[in-house]
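What follows is each chain in one-letter form.
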Amino acid sequence: MTVPQVLTIAGSDSGGGAGIQADLKTFQERGVFGLSVLTAVTAQNTLGVQRVGVVEPELLSAQLDSIGSDFQLAAVKTGMLADPFTIERVVEAVMTYSWPNLVVDPVMVAKGGHSLLEQQAIDTLKQLLLPHSVLVTPNTPEMELLTGIPITDDSSARRAMESLLETGVYAVLLKGGHRKGPTATDLYLDQTGKEFRLSTPRLDTTQTHGTGCTFSAAIAAELAKGNSMERACGTAKQFIQAALAYPLHIGSGHGPTHHAAYRLFEERKEAGVNERTESVFHYGHSR
Ligand SMILES: Nc1ncnc2c1ncn2[C@@H]1O[C@H](COP(=O)(O)OP(=O)(O)O)[C@@H](O)[C@H]1O
Ligand SMILES: Cc1ncc(COP(=O)(O)O)c(N)n1
């Protein structure tokens, strides 16, 4: 059996914590072979996004066709899609090559506030791309923009999820990173009525750059390996929790998560190492 091949279609983050870079690091950590199609190049670091250049249409199409004409993909994830044309071309490729297990992370605004998707592209995303997905993973502000429903509690969250499914989306995992409370709880609902929630203690950290990218990349990787949706999301949740719990403290702003933390933790557990793990993960930095 060959290694599962997983494609990310997203923007480049020069700071390495989000976008294509986060996705490829995550794929490598989860044991799948990562491929990438760049939609945009961002000049970005832990302080914010300094500049964005969208990849020209012909070059975007050429990348998609290079992948489609050679590789047997087991899953695809999308991140920053920039504008309506990019979305239209991605949809064409998904249909032409019958790419399976499409996970859409509907990236709209970077944590620093910089827009990563044109306002008029939100409708294109909803109408053209989301119906092809097996899962869409909005955070709370993205869910509000997709549905027009303000999310203040579990019942408004549920209403918004049902409203998104009514538009033909197969399944939604509404992420809880932006909500308040002692837990970070993500809610899943799909067209069959299946639902589950993933909950971990909310960590008090500013090192959250690229959490959504990393999380959705881990889900795509786990689906590519043949895991069920619930298992894929559960593993991804543990992966992002470890990546947030043991940050690297690099850069002077909102730093990246630690993509290797889950593996290092598992390896040490397997080796029966009982000593405190702090020093291994924190590389001698203070919190
Ligand atoms: N402070 C935190 N502590 C624990 N988990 C978190 C925290 N912030 C985000 N998460 C989790 O990280 C994943 C990504 O969520 P979120 O940060 O909402 O996405 P995005 O990066 O798209 O805004 C979700 O599983 C969410 O629950
Ligand atoms: C290229 C790119 N893609 C996605 C994000 C979102 O990540 P975050 O929400 O953590 O800023 C980003 N900042 N840059």
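Residues numbered from 1 in each chain as written. Chains lettered and ligands numbered in written order. Predicted model: local features only at pLDDT ≥ 70, side-chain atom pairs only at ≥ 80, totals over all residues. Heavy atoms only, no water.

1. Topic: the site of ligand 1
Thinking step 1. Around ligand 1 there are 17 residues in total, and Lys-111, Lys-175, His-178, Asp-186 and Gly-212 lie nearest to it.
Thinking step 2. In the environment of ligand 1, an oxygen atom lies 2.8 Å from a nitrogen or oxygen atom belonging to the side chain of Lys-111.
Thinking step 3. Every element with two or more residues in the shell around ligand 1 is listed here: β8 (183–190), α7 (211–224) and α8 (229–245).
Thinking step 4. Among the elements that make up the shell around ligand 1, the one with the highest residue count is α8 (4 residues).
Thinking step 5. In terms of residue class, the shell around ligand 1 is built from 6 nonpolar, 6 polar and 5 charged. (Near = heavy atom within 4 Å. Polar contact = N/O pair within 3.5 Å; in protein donor to acceptor, adjacent residues only side chain to side chain. Helix = DSSP H or I, 4+ residues; strand = E, 2+ residues; numbered from the N terminus. Nonpolar A, V, L, I, M, F, W, Y, C, P; charged D, E, K, R; others polar.)

2. Thoughts on the side chain of Ser-156
Thinking step 1. In this structure, Ser-156 sits in helix α6 (residues 154–166).
Thinking step 2. Polar contacts involving the side chain of Ser-156 include one to the main-chain amide nitrogen of Thr-152, which spans 2.9 Å.
Thinking step 3. Leave out the neighbours within four places in its chain, and Ser-156 touches Ile-149, Pro-150 and Ile-151. (Contact = heavy atoms within 4.5 Å.)

3. A look at the site of ligand 2
Thinking step 1. The local shell around ligand 2 holds 13 residues, among which Gly-11, Gln-44, Lys-111, Leu-116 and Gly-210 are the closest.
Thinking step 2. Gly-210 is positioned such that a nitrogen or oxygen atom in its backbone is 2.6 Å from an oxygen atom of ligand 2.
Thinking step 3. In the complex, the protein chains occlude 94% of the 360 Å² of accessible area that ligand 2 would expose alone.
Thinking step 4. Across the shell around ligand 2, the residue classes break down as 5 nonpolar, 7 polar and 1 charged. (Areas by Shrake-Rupley, 256 points an atom, 1.4 Å probe, with all protein chains shown as cover.)

4. Structural notes on the state of the cysteines
Working definition: the covalent bond between the sulfur atoms of two cysteines is a disulfide.
Thinking step 1. Applying the stated criterion across every chain yields a total of 0 disulfides.
Thinking step 2. No disulfide involves Cys-213; its sulfur sits 16 Å from the nearest other cysteine sulfur, which is in Cys-233. (Disulfide = S-S within 2.5 Å.)

5. Description of unusual backbone geometry
Thinking step 1. Positive phi, close to 65 degrees, is recorded for Ala-82, a residue that is not glycine.
Thinking step 2. Classification of Ala-82 as buried rests on a relative accessible area of 6%.
Thinking step 3. Its identity as a non-glycine residue notwithstanding, His-249 has a phi of 55 degrees, on the positive side.
Thinking step 4. Classification of His-249 as partly exposed rests on a relative accessible area of 23%. (Buried < 20%, exposed > 50% of the residue type's maximum accessible area, 1.4 Å probe, protein only.)

6. What about the pattern of salt bridges?
Thinking step 1. Going through the model one piece at a time under the given rule, you end up with 15 salt bridges.
Thinking step 2. Measuring nitrogen to oxygen at the nearest pair gives 3.4 Å for the salt bridge that ties Glu-92 to Arg-89. Remark: Arg-89 and Glu-92 occur in helix α3 (residues 84–96); sequence separation between them is 3 residues, near one turn of the helix.
Thinking step 3. Given a relative accessible area of 44%, Glu-92 falls into the partly exposed group.
Thinking step 4. According to the relative accessible area criterion, Arg-89 is buried, its value standing at 8%.
Thinking step 5. The residue Arg-197 makes a salt bridge to Asp-154 at a minimum N-O spacing of 3.3 Å. Of this pair, Arg-197 sits in strand β9 (residues 195–201) while Asp-154 is found in helix α6, placing the two residues 43 residues apart along the sequence.
Thinking step 6. We classify Asp-154 as partly exposed; its relative accessible area is 40%.
Thinking step 7. Within this structure, Glu-29, Arg-263 and Glu-267 form a network of salt bridges that share partners. (Salt bridge = Lys/Arg side-chain N within 4 Å of Asp/Glu carboxyl O.)

7. Comments concerning α7
Thinking step 1. Helix length check: α7 (14 residues) gives 20 Å between terminal C-alpha atoms against 20 Å at 1.5 Å per residue, within 8%.
Thinking step 2. Within α7, 14 of the 14 residues are buried, leaving the element largely enclosed by the surrounding structure.
Thinking step 3. Immediately downstream of α7, the backbone of Gly-226 shows phi near 95 degrees, a positive value. (Expected span 1.5 Å × (residues − 1).)

8. Some remarks on the pairing of β8
Thinking step 1. With 7 of 8 residues buried, β8 lies mostly within the body of the structure.
Thinking step 2. Taken together, the 4 bridges between strand β7 (residues 171–174) and β8 define a ladder with antiparallel strand orientation. Paired with Val-172 across the bridge in β8 is Leu-189.
Thinking step 3. Across 7 bridges, β8 lies against β9 in antiparallel orientation. When the sheet's bridge partners are listed, Leu-189 is paired in β9 with Glu-195. (Pairing = 2+ DSSP bridges.)

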